[in-house]
Amino acid sequence: MVAGGKEFMSAENLKKEQQGTLIEMCPEGSPPRVRKVDGRGRCMVAAMCFLVVACVSLLVCVVMLLHHQRAAVAHTEHDTCDAGEKTSRSEYLNAPLTPFSELTEAEVVSVHNYLLQHPSLGLIDVRKVSIRDNFVHVMEARVPKKAEVLDWLERGGPMPERVARAYIFRGNATPPVVEEYEVGPLPNPSYARLVRTPQRKTSIPYSVRPFSRAEFADVFRRLLPMLMRQVGQLLEESYGAKLGKGCRPRCLRLSMTPISSAFLPPDTRSAWFWLAYDLEFYTLHPLDLQFLVDTSHTDSSRWSIRRVYYAGQYFSGLGELAEKYARGIINVTRTAFPSAPESEVYSSLYMRGDTFPEEGKPPPVQVLPRGNRFKVRGSRVEYMLWSFTLRISPTVGIQLFDINFNKERIAYELSLQEIAVLYAGHTPAASMLYFADSAGLFGTRMRGLLEGVDCPSHAVYLDTKMFASNDGGLARFARAVCLFEHNTEVPLRRHRAYSMSGAFYGGLSDTVLILRAFMSLINYDYVVDYIFHVNGVVELKISSTGYLATSFYLPEEERFGTRVNQHVTAGLHQHLFHVKADLDIAGTSNTFGSWNVGVEKKKDDWGHDPSASHVQTVISKHVRRSESEACYNYDFNSPKYLLISGGNVSDLGHRRAYRIIPRGMTPALLPEGDGFEPSVSWSRCQVAVTRHHDDEPTSSSIFAMWDAKDPVVNFAKFMADDENIEDQDLVTWVTLGTHHIPHTENLPNTGTVGTQLALFLAPFNYFPEDPSMGSRDAVRVSPRDPSRPFDGAVVERYGTSAVLDCLPDVTVPDDALKTNSAELFS
């Protein structure tokens, strides 16, 4: 053994010493010398050993003492950073009411109680329902008319009446229907009335209702026993697993692909159900048994299986499949349930593979030297020159209202409206996979942010409460969103002039406020960031991660996707995101136009050849005067600056404007009016501009997954009347998107890198100069003597200290999660 640069004797050598022999250590490479010692020598050796041990122990104590003293001095010199003002997570829930506020807990209770007592509705409590019952599926606050809100904001007018909006499932009606009701006034409602507007359907066929927990309960109660009874033997022999209770340790999982009304007879509802191994994560373990279930009737005992797909063959029902399987006259599938521990299965998110880095050093983190530089006052957020009101809607998710920069409103509303994912495949379930994810209720999919990964540990986290039947009624959604300031470490502006030409340096790092939410929708997780830059630019960035949707590998699937595992194909799919930006540029009288970039041939009349010319780029300015002219599709051959402008013409001849900059666009490939396409008619334009109407609050609806035959909200109608949009109150709608061809590097979990799509709203002749010039985060470096720029310089930081003289309090949630993980997994 070696310690302190000395080599101690092994047990064998010590035994030899005790017998009168001592092995001396010689220079490296030389054989040990052996000499005999007498008893007195042995005593001297023992004494020397004792002294060595004592010296080493004393040295260790001195080192430890010095370490503790140094740590104490460091702690004295570098105190823990002042965390500054910290927002309580309950402050958003208890925010003072504004016209944008979501329903308070008290309002939810009063509305629900009022509806339960309404005799004509016949409602029952959502915790006890089936799809044949009448119950409230979701409720939220109705945003008042814009004119009323602006009167309250700008002129101190009265607070608009607060009204709730409720979608009621009436499975017990004849015929069954979903209805949209307004309930008010709050907090003590006295009326509940069916909404009536020509812009969207408010009495909706029951066959296009969104998912509900009540329906899934009937699915499992009805279908699982039927499957095990009729094809249980096939499941065990084909897949080595079972369905339902008693399946452990090898279980199957039942999932569904809803079918849009575009592909079904009128007033019917069907879905293709499919099986997968119940592992982490099940969408990467699909199997090849699929069956088409007619779920049109509200009595699940009358549901029927119309078609079955197994091993590349179709059957009229489970009975035919079971009979032919027993006779051995059909093709069969044989796969084995993965035998490896789940941590080693390719689809799990346990760490595996080549480990790096070699040492377990933590990654870099950002710190707050003096606490947050933003404030959250209830639902109002203030940061630098920015301020806005946050609303978390159960249907739409995050909505930002009354977005101001330097006390001037830039946008009335900014929000994500819809996420559509259009898949392709050979099998029936894969080929029918058209998702409009708002069916899952965006706001209720936002929860469980993990500090230090999803958001920094110093972020401010906000909880909210919402009413949805899928969550058993009124529920708390912990850590629904987070806010944090972030230094991108990329200069917002920068220049270095050098040498004798007037040396100076000026720069400003792009430090931003980020409002972030994650929406977990079945297999995909969407990261939604609202980003506020100090130069007046607001950005909405969307990233996708999570798991691929897949199907069982067959050679026919090669045309529609990529084989990513032995039995797994991941299908080609298109992501589409729709964004609403209700901009108010210098007021509500706005115009949409474009500055187009083209080319022209210019005569070079200065040269030696009078006929000489060259081609250069040139700007042409256009005003879009109607909604039809305002449908813009991206064209690389005709680049444009898309502008929403307002206000008077400046001395320089400009109208103040904000530029619309989509980053990440994809053309709509589905033919107009074909199949699922009417449910996403908003995707026909990458940018569309319409006149503002209070009864056109959203471009999609929670019914869009099913309603293509006759959409509940038909965005195409927003533009069909082709209204004048010059000097009007306008709303801009932007479609972002991408096509995704999966590949093996997407396993086990697709990453956000390369998936980001963004919409920038950027000032364009709006300010007389860059407003970030007022930022004290800027740095200026100037030579002491301009004529001798190499002989030292003066650094100006405008009163902002760049020295970190405190120790950041960086925490992780590991200890808290040991005893309570409800906020993460609920």
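All values derive from a computational prediction rather than experimental measurement. (Residues numbered from 1 in each chain as written. Predicted model: local features only at pLDDT ≥ 70, side-chain atom pairs only at ≥ 80, totals over all residues. Heavy atoms only, no water.)

Description of the overall build of the protein
Broken down by element type, the protein carries 10 helices and 40 strands. When each of the 826 residues of the protein is scored for burial, the buried share is 50%. Considering only contacts within the protein whose residues lie at least 6 apart along the sequence, 66% involve residues at least 24 apart. Roughly 40400 Å² of accessible area belongs to the protein as shown, and the carbon and sulfur atoms make up 54% of that amount. (Helix = DSSP H or I, 4+ residues; strand = E, 2+ residues; numbered from the N terminus. Buried < 20%, exposed > 50% of the residue type's maximum accessible area, 1.4 Å probe, protein only. Contact = heavy atoms within 4.5 Å. Areas by Shrake-Rupley, 256 points an atom, 1.4 Å probe, with all protein chains shown as cover.)

Description of the UniProt feature "active site" (unreviewed entry) in the protein
Cross-referencing UniProt, the feature "active site" (unreviewed entry) maps to Asp437 and Tyr524 in the present numbering. Judged by maximum C-alpha separation, these annotated positions cover 88 residues in sequence but sit close together in space, the widest gap being only 10.1 Å. Checked against the element boundaries, Asp437 lands in the loop between β21 (434–436) and β22 (460–468). For Tyr524, the location among the structural elements is in strand β25 (residues 524–533). When its relative accessible area of 3% is taken as the criterion, Tyr524 is described as buried. In terms of polar contacts, Tyr524 uses its side chain to reach the side chain of His573, at 2.8 Å. (UniProt positions renumbered as here; feature names shortened; annotations may be inferred. Polar contact = N/O pair within 3.5 Å; in protein donor to acceptor, adjacent residues only side chain to side chain.)

Considering the sheet that holds strand β29 (residues 568–571)
Across the sheet, which stays open at both edges, the three strands sit in the order β27-β29-β28 with antiparallel pairing between neighbours. Whereas interior strands pair on both sides, the edge strands pair on one side only; in this sheet they are β27 (550–552) and β28 (561–565). The average angle at which neighbouring strand axes cross in this sheet is 35°, direction not considered. (Pairing = 2+ DSSP bridges. Axes fitted to C-alpha atoms, helices over the stretch in contact; angles between N-to-C directions.)

What about the confidence of the model for the protein?
Overall, the predicted model of the protein reaches an average pLDDT of 89, with 89% of residues at or above 70. Throughout residues 1–43 the model reports pLDDT below 50, and contacts reaching past four residues in sequence, or to other chains, amount to 37 contacts. The low-confidence segment residues 60–77 (pLDDT under 50) makes three contacts with residues lying over four places distant or belonging to another chain. (pLDDT = per-residue confidence, 0-100.)

Structural notes on helix α3 (residues 105–116)
For α3, which comprises 12 residues, the first-to-last C-alpha distance of 17 Å matches the rise-based estimate of 16 Å (1.5 Å per residue) to within 8%. When we look at burial in α3, the residues that qualify are Glu107, Val108, Ser110, Val111, His112 and Leu115. (Expected span 1.5 Å × (residues − 1).)

A look at unusual backbone geometry
A cis geometry characterises the amide bond from Leu186 onward to Pro187, with omega recorded as 15°. The step from Leu747 to Pro748 runs through a cis peptide bond, and the omega angle for that step is 0°. Look at Glu489: it is not a glycine, yet its phi comes out positive at around 60°. By secondary structure assignment, the location of Glu489 is in strand β23 (residues 473–497).

Remarks on the packing of helix α5 (residues 213–239) against helix α6 (residues 318–327)
Viewed as axis vectors pointing N to C, α5 and α6 meet at an angle of 40°, and their least axial separation amounts to 10 Å. Between α5 and α6, the angle falls in the class oblique. Note on packing geometry: the crossing formed by α5 with α6 is left-handed. Contacts between α5 and α6 involve Met226, Leu227, Gln230, Val231, Leu234, Glu237 and Ser238 on the former and, on the latter, Leu318, Gly319, Leu321, Ala322 and Tyr325. Of the residues contributing to the contact of α5 with α6, the split by class is eight nonpolar, three polar and one charged. (Parallel < 35°, antiparallel > 145°, perpendicular 65-115°, else oblique. Left-handed = near helix turned anticlockwise from the far one by under 90°. Nonpolar A, V, L, I, M, F, W, Y, C, P; charged D, E, K, R; others polar.)

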